[in-house]
Amino acid sequence: MQVYLDNASTTKMSRAAIEAMLPFYDEIYGNPSSLHRMGQRAKEFLDKARETVAGCLGASPGEIIFTSGGSEADNQAIISAARYGARKGKKHIITTAFEHHAVLHTVGKLEKEGYDVTYLPVGKTGTVSAQQVSDAIRDDTCLVTVMTANNEIGSVLPVKEIGAVCRERHVPFHTDAVQAVGHIPVNVAEMNIDMLSLSAHKFHGPKGVGVLYAKKGVPLSNIIEGGAQEKGKRAGTENLAGIAGLAAALSEACAGLAGNMERISRLRDKLIAGLGSIPHSVLNGDRVNRLPGNVHFCFEGIEGESLLLLLDEYGVEASSGSACTSGSLDPSHVLLAIGHPHEIAHGSLRLTLSEYTTEEEIDYALQAVPKVVERLRGFSPVWRDKVNGIKPFIL
Ligand SMILES: *Cc1c(COP(=O)(O)O)cnc(C)c1O
(Lines give C-alpha, C1' and ligand atoms only; values in the text may rest on other atoms or scores of the structure.)
Protein backbone atom coordinates (compact mmCIF):
# COMPACT_ATOMS: atom_id res chain seq x y z
CA MET A 1 0.00 0.00 0.00
CA GLN A 2 1.20 3.49 -0.88
CA VAL A 3 0.18 6.11 1.69
CA TYR A 4 1.05 9.76 1.08
CA LEU A 5 1.09 11.59 4.41
CA ASP A 6 3.27 14.56 3.51
CA ASN A 7 0.62 17.08 2.52
CA ALA A 8 2.26 19.94 4.42
CA SER A 9 5.19 19.66 1.97
CA THR A 10 2.94 19.67 -1.04
CA THR A 11 -0.37 18.26 -2.20
CA LYS A 12 -1.74 16.36 -5.15
CA MET A 13 -3.59 18.66 -7.55
CA SER A 14 -7.35 18.48 -7.64
CA ARG A 15 -9.07 17.50 -10.89
CA ALA A 16 -10.84 20.87 -10.96
CA ALA A 17 -7.51 22.72 -10.69
CA ILE A 18 -5.94 20.71 -13.53
CA GLU A 19 -8.95 21.27 -15.77
CA ALA A 20 -9.01 24.98 -15.01
CA MET A 21 -5.39 25.24 -16.20
CA LEU A 22 -5.56 23.35 -19.49
CA PRO A 23 -7.21 26.04 -21.69
CA PHE A 24 -4.37 28.45 -20.95
CA TYR A 25 -1.84 26.20 -22.63
CA ASP A 26 -3.51 26.19 -26.04
CA GLU A 27 -6.82 28.01 -26.40
CA ILE A 28 -6.29 31.15 -24.35
CA TYR A 29 -2.55 31.67 -24.69
CA GLY A 30 -2.62 35.45 -24.98
CA ASN A 31 -0.58 37.85 -22.91
CA PRO A 32 -2.97 39.78 -20.62
CA SER A 33 -0.99 42.96 -21.38
CA SER A 34 -1.71 42.72 -25.13
CA LEU A 35 -4.40 44.95 -26.57
CA HIS A 36 -5.70 42.48 -29.17
CA ARG A 37 -8.56 40.09 -28.61
CA MET A 38 -6.47 37.10 -27.53
CA GLY A 39 -4.72 39.23 -24.94
CA GLN A 40 -7.92 40.75 -23.67
CA ARG A 41 -9.51 37.32 -23.32
CA ALA A 42 -6.60 36.30 -21.15
CA LYS A 43 -7.01 39.48 -19.13
CA GLU A 44 -10.68 38.72 -18.50
CA PHE A 45 -9.74 35.36 -17.01
CA LEU A 46 -7.01 36.97 -14.94
CA ASP A 47 -9.50 39.48 -13.52
CA LYS A 48 -11.97 36.70 -12.79
CA ALA A 49 -9.33 34.67 -10.94
CA ARG A 50 -8.40 37.71 -8.89
CA GLU A 51 -12.04 38.19 -7.92
CA THR A 52 -12.38 34.54 -6.92
CA VAL A 53 -9.30 34.70 -4.71
CA ALA A 54 -10.39 38.00 -3.15
CA GLY A 55 -13.83 36.55 -2.43
CA CYS A 56 -12.37 33.53 -0.61
CA LEU A 57 -10.19 35.76 1.60
CA GLY A 58 -12.63 38.58 2.33
CA ALA A 59 -10.46 41.00 0.33
CA SER A 60 -10.96 43.28 -2.67
CA PRO A 61 -9.56 42.21 -6.06
CA GLY A 62 -7.20 45.21 -6.07
CA GLU A 63 -5.54 43.86 -2.94
CA ILE A 64 -4.47 40.57 -4.56
CA ILE A 65 -1.00 40.25 -6.09
CA PHE A 66 -0.05 37.02 -7.81
CA THR A 67 3.46 35.79 -7.08
CA SER A 68 5.58 32.73 -7.78
CA GLY A 69 4.58 31.20 -4.45
CA GLY A 70 4.57 31.56 -0.69
CA SER A 71 8.28 32.29 -0.43
CA GLU A 72 8.13 35.24 -2.80
CA ALA A 73 5.05 36.64 -1.05
CA ASP A 74 6.81 36.41 2.33
CA ASN A 75 9.92 38.11 0.94
CA GLN A 76 7.95 40.95 -0.65
CA ALA A 77 5.77 41.60 2.39
CA ILE A 78 8.72 41.79 4.76
CA ILE A 79 11.05 43.76 2.52
CA SER A 80 8.26 46.23 1.68
CA ALA A 81 7.54 46.96 5.34
CA ALA A 82 11.25 47.16 6.15
CA ARG A 83 11.99 49.66 3.35
CA TYR A 84 9.00 51.80 4.25
CA GLY A 85 9.93 51.70 7.92
CA ALA A 86 13.52 52.75 7.21
CA ARG A 87 12.30 55.90 5.48
CA LYS A 88 10.55 56.82 8.75
CA GLY A 89 13.53 55.87 10.91
CA LYS A 90 11.82 52.65 12.08
CA LYS A 91 14.00 49.58 11.84
CA HIS A 92 12.59 47.12 14.38
CA ILE A 93 10.85 43.89 13.28
CA ILE A 94 8.93 41.45 15.48
CA THR A 95 8.56 37.82 14.47
CA THR A 96 8.56 34.39 16.12
CA ALA A 97 11.32 31.86 16.63
CA PHE A 98 9.55 29.19 14.56
CA GLU A 99 8.57 30.89 11.30
CA HIS A 100 9.16 29.27 7.94
CA HIS A 101 12.64 29.93 6.55
CA ALA A 102 11.13 32.20 3.87
CA VAL A 103 10.41 34.57 6.76
CA LEU A 104 13.36 33.80 9.04
CA HIS A 105 16.02 34.09 6.32
CA THR A 106 14.49 37.33 5.04
CA VAL A 107 14.46 39.01 8.46
CA GLY A 108 17.90 37.51 9.11
CA LYS A 109 19.22 39.29 6.03
CA LEU A 110 17.67 42.56 7.21
CA GLU A 111 19.26 42.02 10.62
CA LYS A 112 22.67 41.94 8.91
CA GLU A 113 21.73 45.20 7.19
CA GLY A 114 21.18 46.90 10.53
CA TYR A 115 17.58 46.12 11.44
CA ASP A 116 16.79 45.02 14.99
CA VAL A 117 14.74 41.81 15.14
CA THR A 118 12.80 40.43 18.11
CA TYR A 119 12.19 36.68 17.89
CA LEU A 120 9.30 35.93 20.23
CA PRO A 121 9.63 32.63 22.10
CA VAL A 122 6.86 30.18 21.25
CA GLY A 123 6.71 28.05 24.40
CA LYS A 124 6.07 24.33 24.67
CA THR A 125 2.87 24.25 22.61
CA GLY A 126 4.25 26.48 19.86
CA THR A 127 2.32 29.70 19.95
CA VAL A 128 2.66 33.37 20.86
CA SER A 129 0.05 35.51 22.57
CA ALA A 130 -1.22 38.93 21.54
CA GLN A 131 0.17 40.15 24.87
CA GLN A 132 3.68 39.01 23.94
CA VAL A 133 3.39 40.94 20.68
CA SER A 134 2.03 43.98 22.47
CA ASP A 135 4.89 43.94 24.97
CA ALA A 136 7.46 43.72 22.18
CA ILE A 137 6.13 46.64 20.11
CA ARG A 138 8.32 49.75 20.27
CA ASP A 139 8.12 53.23 18.78
CA ASP A 140 10.46 52.11 16.01
CA THR A 141 8.66 48.85 15.13
CA CYS A 142 8.01 48.75 11.38
CA LEU A 143 6.55 45.23 11.08
CA VAL A 144 5.05 42.35 13.01
CA THR A 145 5.19 39.07 11.05
CA VAL A 146 3.66 36.03 12.75
CA MET A 147 2.52 32.89 10.92
CA THR A 148 -1.14 31.80 11.01
CA ALA A 149 -0.25 28.13 11.46
CA ASN A 150 3.07 26.38 11.84
CA ASN A 151 4.15 24.08 9.01
CA GLU A 152 5.90 21.52 11.21
CA ILE A 153 3.92 21.09 14.41
CA GLY A 154 0.61 22.41 13.10
CA SER A 155 -0.19 24.85 15.89
CA VAL A 156 -2.68 27.59 14.97
CA LEU A 157 -1.83 31.04 16.34
CA PRO A 158 -4.19 33.78 17.61
CA VAL A 159 -3.74 35.90 14.51
CA LYS A 160 -6.97 37.86 14.90
CA GLU A 161 -5.95 39.05 18.38
CA ILE A 162 -2.38 39.77 17.27
CA GLY A 163 -3.77 41.75 14.32
CA ALA A 164 -6.00 43.75 16.65
CA VAL A 165 -3.01 44.72 18.81
CA CYS A 166 -1.01 45.76 15.73
CA ARG A 167 -3.88 47.84 14.39
CA GLU A 168 -4.33 49.60 17.72
CA ARG A 169 -0.62 50.41 17.83
CA HIS A 170 -0.44 51.36 14.12
CA VAL A 171 2.13 48.70 13.25
CA PRO A 172 1.77 46.82 9.92
CA PHE A 173 0.95 43.14 10.42
CA HIS A 174 1.94 40.36 8.01
CA THR A 175 1.02 36.72 8.41
CA ASP A 176 2.41 33.71 6.55
CA ALA A 177 -0.85 31.82 6.09
CA VAL A 178 0.53 29.26 3.65
CA GLN A 179 -0.45 26.32 5.89
CA ALA A 180 -3.78 27.84 6.89
CA VAL A 181 -5.52 29.06 3.74
CA GLY A 182 -7.78 26.34 2.35
CA HIS A 183 -7.54 24.37 5.59
CA ILE A 184 -9.05 26.61 8.27
CA PRO A 185 -11.17 29.77 7.94
CA VAL A 186 -9.05 32.78 7.00
CA ASN A 187 -10.64 36.20 6.46
CA VAL A 188 -8.27 39.14 6.19
CA ALA A 189 -10.88 41.72 7.23
CA GLU A 190 -12.13 39.82 10.28
CA MET A 191 -8.60 38.88 11.32
CA ASN A 192 -7.11 42.40 11.13
CA ILE A 193 -4.47 41.35 8.61
CA ASP A 194 -2.52 43.92 6.57
CA MET A 195 -0.49 41.49 4.49
CA LEU A 196 -0.87 37.74 3.97
CA SER A 197 1.01 35.08 2.01
CA LEU A 198 -0.51 31.94 0.52
CA SER A 199 0.64 29.25 -1.87
CA ALA A 200 -1.47 27.16 -4.28
CA HIS A 201 0.40 23.87 -3.96
CA LYS A 202 -0.50 23.57 -0.27
CA PHE A 203 -4.22 23.29 -1.09
CA HIS A 204 -4.30 21.05 -4.18
CA GLY A 205 -3.31 23.75 -6.66
CA PRO A 206 -0.18 23.92 -8.84
CA LYS A 207 3.36 24.59 -7.62
CA GLY A 208 5.07 27.87 -8.39
CA VAL A 209 2.15 30.23 -7.85
CA GLY A 210 0.95 32.12 -4.80
CA VAL A 211 -0.58 35.33 -3.58
CA LEU A 212 0.48 38.32 -1.58
CA TYR A 213 -2.57 40.04 -0.12
CA ALA A 214 -1.81 43.66 0.76
CA LYS A 215 -4.56 45.77 2.28
CA LYS A 216 -5.37 48.91 0.31
CA GLY A 217 -2.93 51.65 1.27
CA VAL A 218 -0.19 49.32 2.54
CA PRO A 219 2.99 50.42 0.73
CA LEU A 220 4.67 47.72 -1.35
CA SER A 221 8.17 47.59 -2.85
CA ASN A 222 9.06 45.43 -5.82
CA ILE A 223 11.19 42.34 -5.52
CA ILE A 224 10.92 41.74 -9.28
CA GLU A 225 11.42 44.81 -11.45
CA GLY A 226 10.27 45.12 -15.06
CA GLY A 227 6.84 45.51 -16.59
CA ALA A 228 3.76 47.08 -15.06
CA GLN A 229 1.95 43.83 -14.27
CA GLU A 230 0.12 43.44 -10.93
CA LYS A 231 -0.36 47.21 -10.64
CA GLY A 232 3.38 47.69 -11.07
CA LYS A 233 4.14 45.76 -7.89
CA ARG A 234 5.29 42.48 -9.43
CA ALA A 235 6.76 42.46 -12.90
CA GLY A 236 6.66 39.51 -15.29
CA THR A 237 4.06 38.03 -17.64
CA GLU A 238 1.40 36.48 -15.48
CA ASN A 239 1.43 32.70 -14.97
CA LEU A 240 -2.11 32.51 -16.25
CA ALA A 241 -2.50 28.73 -16.12
CA GLY A 242 -1.05 28.64 -12.62
CA ILE A 243 -3.29 31.47 -11.49
CA ALA A 244 -6.36 29.71 -12.94
CA GLY A 245 -5.34 26.53 -11.08
CA LEU A 246 -4.82 28.47 -7.87
CA ALA A 247 -8.24 30.13 -8.12
CA ALA A 248 -10.01 26.85 -8.90
CA ALA A 249 -8.27 25.00 -6.05
CA LEU A 250 -8.95 27.81 -3.60
CA SER A 251 -12.64 28.15 -4.38
CA GLU A 252 -12.98 24.37 -4.11
CA ALA A 253 -11.16 24.37 -0.76
CA CYS A 254 -13.26 27.25 0.56
CA ALA A 255 -16.53 25.64 -0.50
CA GLY A 256 -15.62 22.33 1.14
CA LEU A 257 -13.88 23.81 4.18
CA ALA A 258 -16.25 22.88 7.00
CA GLY A 259 -16.82 19.32 5.78
CA ASN A 260 -13.13 18.68 5.12
CA MET A 261 -12.11 20.11 8.48
CA GLU A 262 -14.45 17.77 10.28
CA ARG A 263 -13.52 14.64 8.33
CA ILE A 264 -9.76 15.27 8.34
CA SER A 265 -9.70 16.18 12.06
CA ARG A 266 -11.42 12.92 12.88
CA LEU A 267 -8.75 10.92 11.03
CA ARG A 268 -6.04 13.08 12.62
CA ASP A 269 -7.37 12.36 16.10
CA LYS A 270 -7.47 8.63 15.39
CA LEU A 271 -3.85 8.75 14.27
CA ILE A 272 -2.81 10.84 17.30
CA ALA A 273 -4.57 8.48 19.71
CA GLY A 274 -2.89 5.43 18.17
CA LEU A 275 0.63 6.82 17.93
CA GLY A 276 0.35 8.39 21.38
CA SER A 277 0.33 4.91 22.87
CA ILE A 278 3.90 4.27 21.66
CA PRO A 279 6.01 4.44 24.85
CA HIS A 280 8.40 7.38 25.29
CA SER A 281 6.76 9.54 22.64
CA VAL A 282 5.35 13.05 22.70
CA LEU A 283 2.81 14.84 20.53
CA ASN A 284 4.20 18.21 19.48
CA GLY A 285 2.10 21.33 19.01
CA ASP A 286 -1.16 22.34 20.60
CA ARG A 287 -3.75 19.63 21.11
CA VAL A 288 -6.71 21.95 20.44
CA ASN A 289 -5.44 24.85 18.34
CA ARG A 290 -4.14 22.54 15.67
CA LEU A 291 -4.41 22.24 11.88
CA PRO A 292 -6.97 19.56 10.94
CA GLY A 293 -4.38 17.57 8.99
CA ASN A 294 -1.30 17.74 11.23
CA VAL A 295 0.15 14.94 13.35
CA HIS A 296 3.64 15.47 14.74
CA PHE A 297 5.47 13.26 17.22
CA CYS A 298 8.92 12.85 18.68
CA PHE A 299 10.03 9.34 19.57
CA GLU A 300 12.87 8.92 22.01
CA GLY A 301 15.88 6.85 21.01
CA ILE A 302 15.24 7.17 17.30
CA GLU A 303 16.86 9.00 14.41
CA GLY A 304 14.25 10.74 12.23
CA GLU A 305 16.00 10.10 8.94
CA SER A 306 16.09 6.33 9.42
CA LEU A 307 12.47 6.43 10.52
CA LEU A 308 11.52 8.09 7.23
CA LEU A 309 13.56 5.70 5.11
CA LEU A 310 12.13 2.62 6.78
CA LEU A 311 8.58 3.99 6.64
CA ASP A 312 9.09 4.62 2.94
CA GLU A 313 9.90 0.92 2.54
CA TYR A 314 6.53 0.17 4.10
CA GLY A 315 4.96 2.58 1.60
CA VAL A 316 4.31 5.40 4.06
CA GLU A 317 5.56 8.75 2.76
CA ALA A 318 6.14 11.12 5.65
CA SER A 319 8.47 13.89 6.76
CA SER A 320 10.54 14.69 9.80
CA GLY A 321 9.28 18.26 9.71
CA SER A 322 10.07 20.95 7.23
CA ALA A 323 10.99 19.86 3.72
CA CYS A 324 13.62 22.58 3.80
CA THR A 325 15.54 21.06 6.70
CA SER A 326 15.43 17.46 5.54
CA GLY A 327 18.68 16.49 3.95
CA SER A 328 20.55 18.47 6.57
CA LEU A 329 21.66 17.01 9.87
CA ASP A 330 20.69 20.04 11.94
CA PRO A 331 17.66 19.43 14.12
CA SER A 332 14.60 21.45 13.23
CA HIS A 333 14.62 25.04 14.51
CA VAL A 334 10.92 24.59 15.30
CA LEU A 335 11.53 21.67 17.68
CA LEU A 336 14.40 23.49 19.36
CA ALA A 337 12.12 26.54 19.70
CA ILE A 338 9.50 24.52 21.59
CA GLY A 339 12.22 23.43 23.99
CA HIS A 340 13.25 19.94 22.88
CA PRO A 341 16.88 18.93 23.42
CA HIS A 342 18.74 17.96 20.21
CA GLU A 343 18.42 14.27 20.97
CA ILE A 344 14.62 14.39 21.05
CA ALA A 345 14.35 16.86 18.17
CA HIS A 346 16.19 14.36 15.97
CA GLY A 347 13.52 11.70 16.48
CA SER A 348 10.63 13.55 14.88
CA LEU A 349 7.89 12.40 12.54
CA ARG A 350 5.33 14.57 10.76
CA LEU A 351 2.31 12.93 9.14
CA THR A 352 0.07 15.39 7.29
CA LEU A 353 -3.33 14.47 5.88
CA SER A 354 -5.44 15.90 3.09
CA GLU A 355 -9.02 15.60 1.89
CA TYR A 356 -7.86 12.63 -0.21
CA THR A 357 -6.58 10.69 2.80
CA THR A 358 -8.72 7.63 3.55
CA GLU A 359 -9.44 5.84 6.82
CA GLU A 360 -7.84 2.72 5.34
CA GLU A 361 -4.61 4.66 4.84
CA ILE A 362 -4.68 5.92 8.43
CA ASP A 363 -5.22 2.37 9.68
CA TYR A 364 -2.25 1.24 7.60
CA ALA A 365 -0.04 4.00 9.06
CA LEU A 366 -1.21 3.01 12.53
CA GLN A 367 0.17 -0.47 11.87
CA ALA A 368 3.40 0.62 10.19
CA VAL A 369 4.68 3.40 12.46
CA PRO A 370 4.80 1.45 15.78
CA LYS A 371 6.44 -1.48 13.98
CA VAL A 372 9.12 0.75 12.48
CA VAL A 373 9.74 2.58 15.76
CA GLU A 374 10.19 -0.72 17.56
CA ARG A 375 12.56 -2.06 14.90
CA LEU A 376 14.74 1.05 15.00
CA ARG A 377 14.85 1.08 18.78
CA GLY A 378 15.99 -2.53 18.58
CA PHE A 379 19.10 -1.42 16.64
CA SER A 380 19.81 1.64 18.77
CA PRO A 381 22.67 1.55 21.30
CA VAL A 382 21.27 4.73 22.90
CA TRP A 383 17.93 3.01 23.42
CA ARG A 384 19.65 -0.06 24.92
CA ASP A 385 21.48 2.17 27.43
CA LYS A 386 18.18 3.73 28.44
CA VAL A 387 16.42 0.42 28.84
CA ASN A 388 19.35 -0.85 30.94
CA GLY A 389 19.24 2.25 33.13
CA ILE A 390 22.68 3.50 32.03
CA LYS A 391 21.12 6.63 30.51
CA PRO A 392 17.91 8.31 31.73
CA PHE A 393 14.74 8.54 29.65
CA ILE A 394 13.77 12.08 28.71
CA LEU A 395 10.20 11.45 27.57
C1 LIG B 1 5.42 25.90 1.95
C2 LIG B 1 5.52 27.07 2.82
C3 LIG B 1 6.09 28.27 2.36
C4 LIG B 1 6.73 28.38 0.98
O5 LIG B 1 5.77 28.36 -0.05
P6 LIG B 1 6.29 28.05 -1.54
O7 LIG B 1 5.09 28.29 -2.39
O8 LIG B 1 6.73 26.63 -1.55
O9 LIG B 1 7.39 29.01 -1.84
C10 LIG B 1 6.12 29.35 3.19
N11 LIG B 1 5.60 29.29 4.44
C12 LIG B 1 5.04 28.17 4.92
C13 LIG B 1 4.47 28.16 6.29
C14 LIG B 1 4.98 27.03 4.13
O15 LIG B 1 4.44 25.91 4.62
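Undergrad: A description of the site of the ligand should follow, citing residues and the corresponding values.
TA: Around the ligand, a shell composed of 13 residues is seen, among which Ser71, Asp176, Gln179, Ser199 and Lys202 lie nearest. Take Gly70: an N or O atom from its main chain is 2.8 Å from an oxygen atom of the ligand. Contact with the protein chains covers 87% of the free accessible surface of the ligand, which is 380 Å². Top contributing element to the shell around the ligand by residue count: helix H4 (residues 70–87), with three residues.

Undergrad: How would you sum up the domain arrangement of the protein? Please name residues and give values.
TA: The domain boundaries assigned to the protein delineate domain 1 (3–10 + 257–387) and domain 2 (15–255). Once you take the C-alpha centre of each, domain 1 and domain 2 turn out to be 28 Å apart. Taken together, the contact pairs 28 residues of domain 1 with 32 residues of domain 2. Carbon and sulfur atoms make up 56% of the surface buried where domain 1 meets domain 2, a total of about 2500 Å² over both sides. On the surface where domain 1 and domain 2 come into contact, there are zero salt bridges. For the pair domain 1 and domain 2, the number of links is 14 residue pairs in polar contact (both at pLDDT 80 or more). A per-element tally of the side of domain 1 that touches domain 2 places helix H11 (residues 333–337) first, with four residues. Per-class residue counts for the side of domain 1 that touches domain 2 are 11 nonpolar, 13 polar and four charged.

Undergrad: Got a sec to walk through the packing of helix H3 (residues 37–57) against helix H8 (residues 240–255)? Specific residues and values, please.
TA: Two elements in contact, H3 and H8, have axes whose closest approach is 9 Å; the angle formed by their N-to-C orientations is 30°. Classed by the angle they form, the pair H3 and H8 counts as roughly parallel. Here H3 runs over H8; the crossing is left-handed. Residues Ala42, Leu46, Ala49, Thr52, Val53 and Cys56 of H3 form the contact with H8, whose participating residues are Leu240, Ile243, Leu246, Ala247, Leu250, Ser251 and Cys254. Of the residues assigned to the contact of H3 with H8, the class counts are 11 nonpolar, two polar and no charged.

Undergrad: Give a detailed account of the sheet that holds strand E9 (residues 281–283), specifying residues and quantitative values.
TA: Strand order in the open sheet formed by three strands is E9-E10-E12, with antiparallel pairing between adjacent strands. In this open sheet, the two strands that pair with only one neighbour each are E9 and strand E12 (348–352). Strand-to-strand twist in this sheet, taken as the mean axis angle between neighbours without regard to direction, amounts to 20°. Pairing between E9 and strand E10 (residues 294–299): three bridges, direction antiparallel. Across the sheet, residue Ser281 finds its bridge partner in E10, namely Phe299. Sitting on the sheet, helix H10 (residues 304–313) is in contact with E10 and E12, with an inclination near 45° to E12.

Undergrad: So what about the pairing of strand E2 (residues 64–67)? Which residues, and what values?
TA: Side chains Ile64 and Phe66 of E2 all project onto a buried face; the interleaved residues Ile65 and Thr67 project onto the opposite face, where all are buried too. Two strands pair when backbone bridges link them, and E2 and strand E8 (residues 210–214) are joined in this way by four bridges, in the antiparallel orientation. Looking at the pairing, Thr67 lines up with Gly210 of E8.

Undergrad: Summarise the environment of Ile18; cite the residues concerned and give the values.
TA: Tracing the chain through its elements places Ile18 in helix H1 (residues 15–21). The spatial distance from the C-alpha of Ile18 to the C-alpha of Leu246 is 9.7 Å, given a sequence separation of 228 residues.

Undergrad: With reference to specific residues and values, describe the pattern of salt bridges.
TA: For the structure shown, the criterion picks out 16 salt bridges. With its nearest N and O atoms 3.5 Å apart, the salt bridge here joins Glu19 to Arg15. With a gap of four residues between them, Glu19 and Arg15 both fall in helix H1, about one helical turn apart. Assessed through its relative accessible area of 48%, Glu19 is described here as partly exposed. Put simply, Asp116 and Arg138 hold a salt bridge, and the shortest N to O gap is 3.0 Å. Of this pair, Asp116 sits in strand E4 (residues 116–120) while Arg138 sits in the loop between helix H6 (130–136) and strand E5 (141–145); the two residues are 22 residues apart in sequence, bridging distant segments of the chain. Accessibility expressed as a relative area gives 35% for Arg138, which makes it partly exposed.

Undergrad: How would you summarise the packing of aromatic side chains if you had to cite specific residues and measurements?
TA: Aromatic rings in a pair are described by how distant their centres are and how their planes are angled relative to each other. For the structure on display, the rule yields three aromatic pairs. Summarising the aromatic geometry, the rings of Phe297 and Phe299 are spaced 5.8 Å apart at their centres and angled 10° between planes, so their arrangement reads as stacked. In this pair, the class of Phe297 matches that of Phe299, namely buried. The lysine or arginine in question, Arg377, covers the ring of Trp383, its NZ or CZ lying 4.1 Å from the ring centre.

About the thresholds
- Residues numbered from 1 in each chain as written.
- Predicted model: local features only at pLDDT ≥ 70, side-chain atom pairs only at ≥ 80, totals over all residues.
- Heavy atoms only, no water.
- Near = heavy atom within 4 Å.
- Polar contact = N/O pair within 3.5 Å; in protein donor to acceptor, adjacent residues only side chain to side chain.
- Areas by Shrake-Rupley, 256 points an atom, 1.4 Å probe, with all protein chains shown as cover.
- Helix = DSSP H or I, 4+ residues; strand = E, 2+ residues; numbered from the N terminus.
- Domains from an automatic or database assignment.
- Contact = heavy atoms within 4.5 Å.
- Buried area = accessible area lost by both parts, 1.4 Å probe.
- Salt bridge = Lys/Arg side-chain N within 4 Å of Asp/Glu carboxyl O.
- Nonpolar A, V, L, I, M, F, W, Y, C, P; charged D, E, K, R; others polar.
- Axes fitted to C-alpha atoms, helices over the stretch in contact; angles between N-to-C directions.
- Parallel < 35°, antiparallel > 145°, perpendicular 65-115°, else oblique.
- Left-handed = near helix turned anticlockwise from the far one by under 90°.
- Pairing = 2+ DSSP bridges.
- Buried < 20%, exposed > 50% of the residue type's maximum accessible area, 1.4 Å probe, protein only.
- Phe/Tyr/Trp six-rings, centres within 6.5 Å; stacked < 30°, edge-to-face > 60°.
- Lys NZ or Arg CZ within 6 Å of the ring centre and 35° of its normal.

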